[in-house]
Each structure stands twice: as structure tokens, then as C-alpha cells.
Amino acid sequence: MIRSILDNDLYKFTMQMAVLELFPDARAEYHFINRGDQRFNSEFVAELRRTIDEDIVGLALTDEEYLWLKENCPFFKPSYLEYLKNFRFDPSEVSLSLTDDGDLDLWVEGPWHSSILWEIVLMATISELYFTIVEKDWLNRFASNGDDPETTLMNEYGSLMSEVGEELNSNDCIFSEFGTRRRRGFKLHDKVVDVLHRLDSFAGTSNVYLAKKYGVRPIGTIGHEWIMGNSALVGLRNANLFAFENWVKVYKGDLGIALSDTFGSKPFFRNFGLELAKIYDGVRHDSGDPFKFADEVIEHYKKLGIDPMKKSLVFSDSLHVKDAVRLNEYCEDRINCSFGIGTSLTNNSDFFSYSPPLNMVIKLHKIDDIPVVKLSDSVDKATGDRDALRVANYVFGRKGLDD
């Protein structure tokens, strides 16, 4: 299910290097959150445990992968590549069990610089195992006329991706594939990138293994956990500022897309002043109304005396093709935009309407025993300890302490 240590999203590696450089002694705790109504069983939990203990533990960077990273990801420092070459997943960092109501109770705890790589690997494994062990009848729908159901699935899904890609391409939508975490399975994910990478408008994939396989650009910069971690280790009220400044210390202007919604867009704009706005190439939208946010970003750049057409806006919030087309038209001649499209490519809910993807996340929960939160611009995306959420909402002026 996980084909390589690089079968992971680029931003996990970029954040890992930053953690090693600035917070090497920090300890992290992550928590699995199931936002949907799908449930698991004891066979699933046993196989997930076996996969962690026997398969994932054996993943290691090969010499060929090391050389590819060195050539294609010049922002990685030699010292980090040596660290990654010697890195091995530690199964003892992962604890899991089945709750009485059939949910998955999963925690990851360990040094931040090592535990940081588990999130995407675990989510991709959980998703594929779920559709292999728990909900497996969906594949039988592709068994007809004596043909192999998996072959039929790949052909039909490949046709869907051709249509999706052509619609994006014909509407000049620059897009990347961001679907590792909730993919139905590795083979389907591989098929998606195989089909899409031939298009002129395809910018790359967040999955480093598939970027290497298909000779495309690995895409990714920063995730919410970097800003959440800085909120605990440096300070909460201006965590965006501290996180973005620390990122510049490590990457010197490379990987310059600022994530905007960790604590809501208002605190982001307050911290994203002239210096940072000039250093960073653009911003990424991941929650809330994308059209409203586009207007706010454009206005913010203009107030700072920056031409928005010299900056980029990346949309990545649960996008479908039609969303991207509409947003692309909305931003035309106002600001450059591109799209990170995830689950709708690797586990399309319309195609699998009878068997929807898991609605799950694995989020940073604590750093050095300090609870951290994500507030977001969408209420349903807020995560974290209840009391910590209460304090953060108060600090950022979103709610009173008793609200």
C-alpha cells in the first residue's frame, strides 16, 4: 500500500527539515479524527497494526531516490538528505485500538522530527485497508462479462480522469494532484497521475514517489501543523508571523506559499505585512469562501502597494473541477491562481457515490505537552482540545471565553 518512503506528500519532508533545524528537541502528539459515519472492525485494526509493524517499518530511502531528491529538490540541505537516508519509521510511536462503537482510536507520539512523517502514510493506509477489508463489495460492481473487475475499474476511472483533465486543460486551469491521504488505493492513485501528467496544465503532484516516477514536479510547501507548532513553541497570538519568519530562516525564500487559515484569515492578514508579502510568492486558501478570500487577498496586496498579478493564489479546499473553472475565471487578470485538487481525483465521490471516501484527518494535538489547535475559516474544520479551542478563539477575538 505504501510503495516507498517517498510515497508521502512533499510538505511533510519540507516541514521535517525545518523542525530538525529549529526545534530538534520538540515532542509531538497527533490524533486521528473520523468526521464521517464509517466504522471499522477488529480485522481492520489487526491488519493496520501488522502493516505498521512489518511493512512501513522497513521503508528506507534508496540510493536512487537520494540522488533524485538531491537533483530535483535543491531546497533540501545535504545534512537533511543524510538524515532522511538513515530515517526509519518507529512503530512504537503509533498506538491504536477499536472503540466500543467501532471507531478507530489512533495516536502518534514521539519526537516531532520523526513522528511528523506518519500522518499521510497512515491516512493512505487506513483508506486503502478500509476499502479492502471493511467495505469491499464496491469492487464487485466492475465485474461484468467475465472481465477482471480491477482492470475494468482502471479503464473506467482512467476515462473519467481524461475527461477531468481535459476540462481543466481547456479552461487553462493550472493544477496539481494533492490526493495521497484519502486515495482509494495506490494503484488508482498511480493511474490518476499517469493520465494527468501528460497535460500542459498539470503542474505536478504532492506525492514525491509519483513525481519521481512520472518525471513531474513535486509540489508542496507548508502545512497547518508548522504554524500550530510555532504557536506552542514561540507564541499563540502572532503564531503566523513567527511561523512564516522561521520558514524564511530555513528556506531563504524558497517554498514561498503562505498558508492562510490556521487561525482564520483575519489574524493571517494582520501578520502578513509588507516584508513577508514581498518575500513570499503567494498564499494558499484551504477553508472558507474562496471567492471572498480572493477579493481579500487582492485588496491586501493592493494596500501594501504590491501588484497582485506578480503574486499567486493557490486554492486547495476540497476542490472539484467545476470549482476550479469558476475560480479561475473569477481571478483572471486580477491575480495568478492555481489549484491543488485532492480526493476528487484519487477517490472521486461522484464516481464512487455508493461508497464514499473516508472523511478523516490526523491532526497535531500537542507540542511538548502544550495543546495546539486549528481554528480555520470553516467551523467544521476546527480541531483541538476543547479548552485550548476556547482560549484560542478568545485570543484571536472570535469568541468570548464563555461563548
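Residues numbered from 1 in each chain as written. Predicted model: local features only at pLDDT ≥ 70, side-chain atom pairs only at ≥ 80, totals over all residues. Heavy atoms only, no water.

Per an unreviewed UniProt entry, the protein goes by the name Nicotinate phosphoribosyltransferase and belongs to Methanococcoides methylutens MM1. Regarding the protein, the relevant UniProt record gives this comment under Function (unreviewed entry): "Catalyzes the synthesis of beta-nicotinate D-ribonucleotide from nicotinate and 5-phospho-D-ribose 1-phosphate at the expense of ATP." Among the UniProt annotations of the protein, the heading Sequence similarities (unreviewed entry) holds the following wording: "Belongs to the NAPRTase family." (UniProt positions renumbered as here; feature names shortened; annotations may be inferred.)

**Thoughts on the side chain of Lys374**
Its location among the elements puts Lys374 in the loop between β11 (370-371) and α17 (386-395). Asp286 provides the closest opposite charge to the buried, unpaired Lys374, separated from it by 4.5 Å. The residues contacting Lys374, other than those within four sequence positions of it, are His224, Met228, Asp261, Thr262, Lys363, Lys381, Ala382, Thr383 and Leu389. (Helix = DSSP H or I, 4+ residues; strand = E, 2+ residues; numbered from the N terminus. Buried < 20%, exposed > 50% of the residue type's maximum accessible area, 1.4 Å probe, protein only. Lys, Arg positive; Asp, Glu negative; His and termini not counted. Salt bridge = Lys/Arg side-chain N within 4 Å of Asp/Glu carboxyl O. Contact = heavy atoms within 4.5 Å.)

**Quick word on a nonpolar patch on the surface**
Judged by side-chain polarity, Val391, Tyr394 and Leu401 come together as a nonpolar surface patch covering roughly 260 Å² of accessible area. Checked against the element boundaries, Leu401 lands in the segment after α17. The exposure class assigned to Leu401 is partly exposed, which follows from its relative accessible area of 33%. (Patch = residues over 30% accessible without salt bridge, like charges linked within 9 Å, V, L, I, M, F, W, Y side chains within 5 Å. Areas by Shrake-Rupley, 256 points an atom, 1.4 Å probe, with all protein chains shown as cover.)

**Here's the deal with the side chain of Thr51**
One can find Thr51 in helix α2 (residues 42-55). Not counting the four nearest positions on each side in its chain, Thr51 is found in contact with Met1, Ile56, Thr125 and Leu129.

**Describing the nonpolar core**
Side chains of a nonpolar character, in soluble globular proteins, are inclined to be buried together. If you look at the biggest cluster of nonpolar residues, it comprises 133 residues, and the most contacted ones within it are Phe76, Leu106 and Trp112. Here the element with the most residues in this core is helix α6 (residues 118-134); it accounts for 11 residues. Residue-level mapping places this core at the junction of two domains, with at least three residues from each of domain 1 (10-137 + 359-371) and domain 2 (148-346). Ignoring any residue separated from it by four or fewer positions in sequence, one finds Trp112 in contact with Val19, Phe23, Ala26, Arg27, Ala28, Tyr30, Glu225, Trp226, Gly229, Leu233, Leu364 and Ile367. (Core = buried A, V, L, I, M, F, W, Y, C linked by side-chain atoms within 4.5 Å. Domains from an automatic or database assignment.)

**As for unusual backbone geometry**
You will see that Lys252, though not glycine, has its phi angle at about 55 degrees, which is positive. Structurally, Lys252 is set in the loop between α11 (239-251) and β6 (257-259). Owing to a relative accessible area of 66%, Lys252 belongs among the exposed residues under this scheme. You will see that Asp368, though not glycine, has its phi angle at about 50 degrees, which is positive. On the secondary structure map, Asp368 appears in the loop between β10 (360-367) and β11. Residue classification places Asp368 among the partly exposed positions, given a relative accessible area of 38%.

**Side note on the sheet that holds β10**
As summarised here, the arrangement of the five strands in space is β2-β3-β1-β10-β11, forming an open sheet in which the pairing is antiparallel. Each of the sheet's edge strands pairs with one partner strand only, and the pair in question is β2 (94-98) and β11. Relative to strand β3 (residues 104-111), strand β1 (residues 27-34) runs antiparallel, the two sharing five bridges. Within β3, the position partnered with Glu29 by the bridge is Glu109. Along the sheet, α6 makes contact with β1, β2, β3 and β10, crossing β10 at roughly 150 degrees. (Pairing = 2+ DSSP bridges. Axes fitted to C-alpha atoms, helices over the stretch in contact; angles between N-to-C directions.)

**Considering the UniProt feature "modified residue: Phosphohistidine" (unreviewed entry) in the protein**
Mapped onto this numbering, the UniProt entry annotates "modified residue: Phosphohistidine" (unreviewed entry) at His224. Along the chain, His224 turns up in helix α10 (residues 224-233). Note on His224: relative accessible area 7%, which makes it buried. Contact partners of His224, with chain neighbours within four places excluded, come to Leu259, Asp261, Thr262, Asp286, Lys363 and Lys374.

**Quick notes on a negative patch on the surface**
A cluster of like negative charges, contributed by Asp25, Glu109, Asp368 and Asp369, occupies part of the molecular surface. Looking at the element boundaries, Asp25 is found in the loop between α1 (10-22) and β1. Classification of Asp25 by relative accessible area gives exposed; the value is 71%. (Charge placed at Lys NZ, Arg CZ, Asp CG, Glu CD.)

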